[in-house]
Amino acid sequence: MKCLLNILCVTISLSVACHPYPVHEEQLATGTDKTVSYIEVAPWESMVGGAGDITYVYVRLLDQSKNPVPDHTVKASIEEPFVATINEAAVTDADGLAVFTVTGVGIKDKTNITFTIDGISYTLDLWNSWYHAFSGGGY
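Examining the pattern of salt bridges
(1) Moving on: By the definition in use, this model includes one salt bridge.
(2) Moving on: The closest approach of N and O atoms between Lys-110 and Asp-125, which form a salt bridge, is 3.6 Å. Highlighted residues: Lys-110 in strand E8 (residues 110-117) and Asp-125 in strand E9 (residues 120-128), separated in sequence by 15 residues. Summarising the burial analysis for this pair, Lys-110 and Asp-125 share the class buried.

Set out below in structure tokens:
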């Protein structure tokens, strides 16, 4: 039985090794899957000051193997636009990174920004710095 198992393993190994279409390692390393499986947002919570204050939010897209996914458009929507504004979309670079600019409007409140791509979304809490300081930082 053990001999039969060894013969079977050798047969499978030879058939895999002789496959006519070898896998290109460079394609695997650059995330050619192009299917977004993970979305990472930094910072995970943000604050913006008064009118005209600018802060940045970084969104990274990764495939199932945690490789970056370039050339994808990430959409952003803000729940309460009287707290801050944000660019509605950004395209990921070669590292799978999209950068969003958040500009404070000046109203002292809290809002949420939702980033969406291919049915995956992430919601970020955005605080006006005055509201955050005097509200106890919670809801």
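Some details on the nonpolar core
(1) Moving on: Counting 22 residues, the largest nonpolar core has Val-59, Leu-61, Ile-86, Phe-100, Ile-113 and Phe-115 as its most contacted members.
(2) Moving on: If you list the elements that add at least two residues to this core, you get strand E1 (38-42), strand E3 (54-62), strand E4 (73-78), strand E5 (84-86), strand E7 (97-104), E8 and E9.

Side note on the sheet that holds E3
(1) Moving on: Taken in spatial order, the four strands line up as E1-E3-E7-E5 in an open sheet, and their pairing is antiparallel. Every interior strand has two partners, whereas the edge strands, E1 and E5, have only one. For this sheet the average axis-to-axis angle between neighbouring strands, irrespective of direction, equals 25°.
(2) Moving on: Looking at chain direction, E1 and E3 are connected through five bridges and run antiparallel. In the sheet register, Ile-39 faces E3, and the bridge partner there is Leu-61.

Some remarks on the confidence of the model for the chain
(1) Moving on: Overall, the predicted model of the chain reaches an average pLDDT of 75, with 68% of residues at or above 70.
(2) Moving on: The spread of mean pLDDT over the elements of the chain runs between helix H2 (residues 25-29), the lowest at 32, and strand E6 (residues 89-91), the highest at 97.
(3) Moving on: Within the model, the stretch residues 1-31 combines pLDDT values under 50 with 10 contacts to residues more than four positions away or in other chains.

Some remarks on the environment of Phe-100
(1) Moving on: Relative to the helices and strands, Phe-100 is located in strand E7.
(2) Moving on: In the structure, Phe-100 is positioned 41 residues away from Val-59 in sequence and 7.9 Å away in space, judged by C-alpha atoms.
(3) Moving on: Among residues more than four places away in sequence, those in contact with Phe-100 are Thr-55, Tyr-56, Val-57, Val-59, Val-74, Ala-76, Ile-86, Asn-87, Glu-88, Ala-89, Ala-90 and Phe-115.

Definitions and limits used
Residues numbered from 1 in each chain as written. Predicted model: local features only at pLDDT ≥ 70, side-chain atom pairs only at ≥ 80, totals over all residues. Heavy atoms only, no water. Salt bridge = Lys/Arg side-chain N within 4 Å of Asp/Glu carboxyl O. Helix = DSSP H or I, 4+ residues; strand = E, 2+ residues; numbered from the N terminus. Buried < 20%, exposed > 50% of the residue type's maximum accessible area, 1.4 Å probe, protein only. Core = buried A, V, L, I, M, F, W, Y, C linked by side-chain atoms within 4.5 Å. Pairing = 2+ DSSP bridges. Axes fitted to C-alpha atoms, helices over the stretch in contact; angles between N-to-C directions. pLDDT = per-residue confidence, 0-100. Contact = heavy atoms within 4.5 Å.

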